[in-house]
Amino acid sequence: MKKILLIWLFGTLLFANHIGWMGDYDKALQLAQKSNKPLLVLLVKNDCVKCNEMIKMLFMNQPYIDKLNQNFICVIVNASHKHSYPIELYYSTTFPTLFFANANEQFIAKPIYGTIDSSSFAKKINLLEESNFYKKAKDSKEIIEIRFKENPPVVKSGIADLK
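From a predicted model like this one, the values you see are computed outputs, not experimental measurements.

With respect to the environment of Phe 72
Turning to step 1, where the next piece is worked out: Mapped onto the elements, Phe 72 comes out in the loop between α4 (65-71) and β2 (73-78).
Turning to step 2, where the next piece is worked out: Remark: the alpha-carbon pair of Phe 72 and Leu 39, spanning 33 residues in sequence, is separated by 5.5 Å.

Pasting the structure below:
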């Protein structure tokens, strides 16, 4: 029975579509600068049940995973290790929190505090892609604001508000 369970678990993990997380913020930032890609920073905390649920719900076997892996440098940081990331930039008292920043550590979208369902997250990612935002953010230091309510996105200077 244990062998069957291990084979099933190994097969599930082997063929699961998941994010290629980096665990070192400084190395992720260097790679973002070198590859000219924005950062997707997931801030978690030890023993955070919602953090684990969010990782499973949003970042495994979702249709947008390949898009995230291709267009972002994804890094997961633990708030308990304050020396391992710039806490003054990625400060939060809510866990998990998702931050979107360019390679210059400027926010390109408002953070997502707490959990979010996969369809809402997919809309936010698609909106970023449709606005061609992360490509524009790489080409210039301009930050764009996108308002997504019931209307099509409106682009202005500022920070992208994708709620």
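Here we look at the pairing of strand β4 (residues 107-113)
Turning to step 1, where the next piece is worked out: Sheet topology note: the strand β3 (residues 97-101)/β4 ladder contains four bridges and is antiparallel. For Phe 100, the partnering residue across the bridge sits in β4 and is Ala 109.
Turning to step 2, where the next piece is worked out: Between β3 and β4, which pair antiparallel and follow one another directly, the connecting turn spans five residues, one of which, Glu 105, has a positive phi of 65°.

Overview of the confidence of the model for the protein
Any residue range with low pLDDT should be treated as having predicted coordinates unsuitable for detailed reading.
Turning to step 1, where the next piece is worked out: With 71% of its residues at a pLDDT of 70 or more, the protein has an overall mean of 78.
Turning to step 2, where the next piece is worked out: Confidence over residues 1-13 falls short of pLDDT 50; this stretch has one contact with residues more than four positions distant or in other chains.
Turning to step 3, where the next piece is worked out: Contacts for the low-pLDDT stretch residues 139-158, under 50 throughout, to residues beyond four places or in other chains number 47 contacts.

With respect to the packing of aromatic side chains
Turning to step 1, where the next piece is worked out: Summed over the entire model, instances satisfying the criterion amount to eight aromatic pairs.
Turning to step 2, where the next piece is worked out: Between Tyr 64 and Phe 121 the ring centres are 5.2 Å apart and the planes differ by 65°, which places this aromatic pair in the edge-to-face class. In this pair, Tyr 64 is assigned in the loop between α3 (49-58) and α4 and Phe 121 in helix α5 (residues 118-130), connecting sequence segments 57 residues apart. Comparing Tyr 64 with Phe 121, the two get one shared label, buried.
Turning to step 3, where the next piece is worked out: Here the aromatic rings of Tyr 90 and Phe 107 are separated by 6.0 Å at their centres, their planes lie at 80°, and the arrangement is edge-to-face. With Tyr 90 in the loop between β2 and β3 and Phe 107 in strand β4, the pair connects residues that are 17 residues apart, well separated along the chain.
Turning to step 4, where the next piece is worked out: In this structure Phe 107 comes out as partly exposed when scored by relative accessible area, which is 21%.
Turning to step 5, where the next piece is worked out: Ring-pair connections join several aromatic residues into one group, and the members of that group are Trp 21, Phe 59, Tyr 64 and Phe 121.

Calculation criteria
Residues numbered from 1 in each chain as written. Predicted model: local features only at pLDDT ≥ 70, side-chain atom pairs only at ≥ 80, totals over all residues. Heavy atoms only, no water. Helix = DSSP H or I, 4+ residues; strand = E, 2+ residues; numbered from the N terminus. Pairing = 2+ DSSP bridges. pLDDT = per-residue confidence, 0-100. Contact = heavy atoms within 4.5 Å. Phe/Tyr/Trp six-rings, centres within 6.5 Å; stacked < 30°, edge-to-face > 60°. Buried < 20%, exposed > 50% of the residue type's maximum accessible area, 1.4 Å probe, protein only.

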